[in-house]
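Here is what each chain is made of, one letter per residue.
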Amino acid sequence: MAEGITRHIFITGATGFIGSHFLKNLLNSIGVSDVIYVLSRQPESFDDPRIKNVIGTLEAIEACDNELLQSNFVYHLAGEGSYNKAIDYDRINYEPTKKMVGILKNSRVLE
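Below: a short report on this structure. Because the structure is predicted, anything quoted here is derived from the model rather than measured.

1. A look at the overall build of the chain
A count of helices and strands for the chain gives three helices and four strands. Its helices and strands taken in sequence order, the chain reads β-α-β-β-α-β-α from the N to the C terminus. Expressed along its principal axes, the backbone C-alpha trace of the chain runs to roughly 50 × 30 × 20 Å. Counting over 111 residues, the chain shows a buried share of 32%. Across the chain, every contact between residues at least 6 apart in sequence was considered, and the portion connecting residues at least 24 apart equals 56%. Entry remark: accessible area of the chain is about 7200 Å², with carbon and sulfur atoms responsible for 53%. Taking the 11 positively charged and 14 negatively charged side chains of the chain as two groups, their mean positions are separated by 3 Å.

This is the structure:
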């Protein structure tokens, strides 16, 4: 990404297996002034000052709308993938994704 322009990036699932590898590679390719918002259920400690921990859940993603709307890029990598459990996948995976897209779709472009 271009130096001199601060990019804001929002990532869900960055603490999971795929997301952690994605985050590591992303950090190697962004600028020193770029900011990465990482959504996680609990406080996480990151060594890189460009990473800002956003405490929250996918089910209550609207609480993170400020960080979402500041972001130039959104990577949604979170979701429940184990099919052994008796859970409501629409409630866990589909509905939060739909809410997140709705927040972004109904917003005005900040730039």
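2. Some points on the nonpolar core
In this structure, Phe10, Val35, Tyr37, Leu39, Val54, Leu58, Ile61, Cys64, Leu68, Met100 and Ile103 together form the largest nonpolar core, which totals 11 residues. Counting only elements with at least two residues in this core, the list comes to β2 (35-40) and α3 (89-105). Broken down by element, the residue count for this core peaks at three residues, all from β2. When residues no more than four places from it in sequence are discounted, the contact partners of Val54 are Tyr37, Val38, Leu39, Ser40, Cys64 and Glu67.

3. Topic: α3
One turn of an α-helix holds 3.6 residues; hence residues three or four places apart share an orientation. Here α3 is 17 residues long and its end C-alpha atoms lie 23 Å apart, about the 24 Å a rise of 1.5 Å per residue gives. The largest bend along α3 reaches roughly 30° and is located at Glu95, with the proline Pro96 sitting one to four residues downstream. Tucked inside the fold, the buried residues of α3 contact β1 (8-12), α2 (65-70) and β4 (73-76). The backbone nitrogen of Asp90 has a side-chain oxygen 3.2 Å away, supplied by the residue at the start of α3, namely Asp88.

Rules and cut-offs
In every chain, residue numbers begin from 1 and rise along the written sequence. Since the coordinates come from a predicted model, pLDDT governs what is reported: local features require at least 70, and pairs of side-chain atoms require 80 or more to be given and counted, while whole-chain, interface and lining totals use all residues. To obtain the side-chain values, all non-hydrogen atoms of the structure were used and water was disregarded. Under the DSSP-based scheme used, a helix requires at least four consecutive residues in state H or I and a strand at least two consecutive residues in state E, with every element numbered from the N terminus. The buried label applies to any residue whose accessible area, calculated with a 1.4 Å probe on protein chains only, is under 20% of its type's maximum; exposed applies above 50%, and partly exposed to all values in between. Whether two residues touch is decided by their heavy atoms; if any such pair falls within 4.5 Å, the residues are in contact. The method behind every accessible area is Shrake-Rupley, applied with a 1.4 Å probe, and residues are considered shielded solely by the protein chains displayed. Working convention for charge: Lys and Arg count positive, Asp and Glu count negative, and His plus the chain ends are omitted. Charge placement uses NZ in Lys and CZ in Arg. For Asp and Glu, CG and CD serve respectively. Throughout this description, the term nonpolar core refers to a set of buried Ala, Val, Leu, Ile, Met, Phe, Trp, Tyr and Cys residues connected via side-chain atoms within 4.5 Å. One less than the residue count of a helix, multiplied by 1.5 Å, gives the span that helix is expected to have. What we call the bend at a residue is the angle made by axes fitted to the seven residues finishing there and the seven residues starting there. Any pair of N or O atoms that falls within 3.5 Å is considered a polar contact. Within protein, one atom must be able to donate a hydrogen and the other to accept it, and sequence-neighbouring residues count only if both atoms are side-chain atoms.

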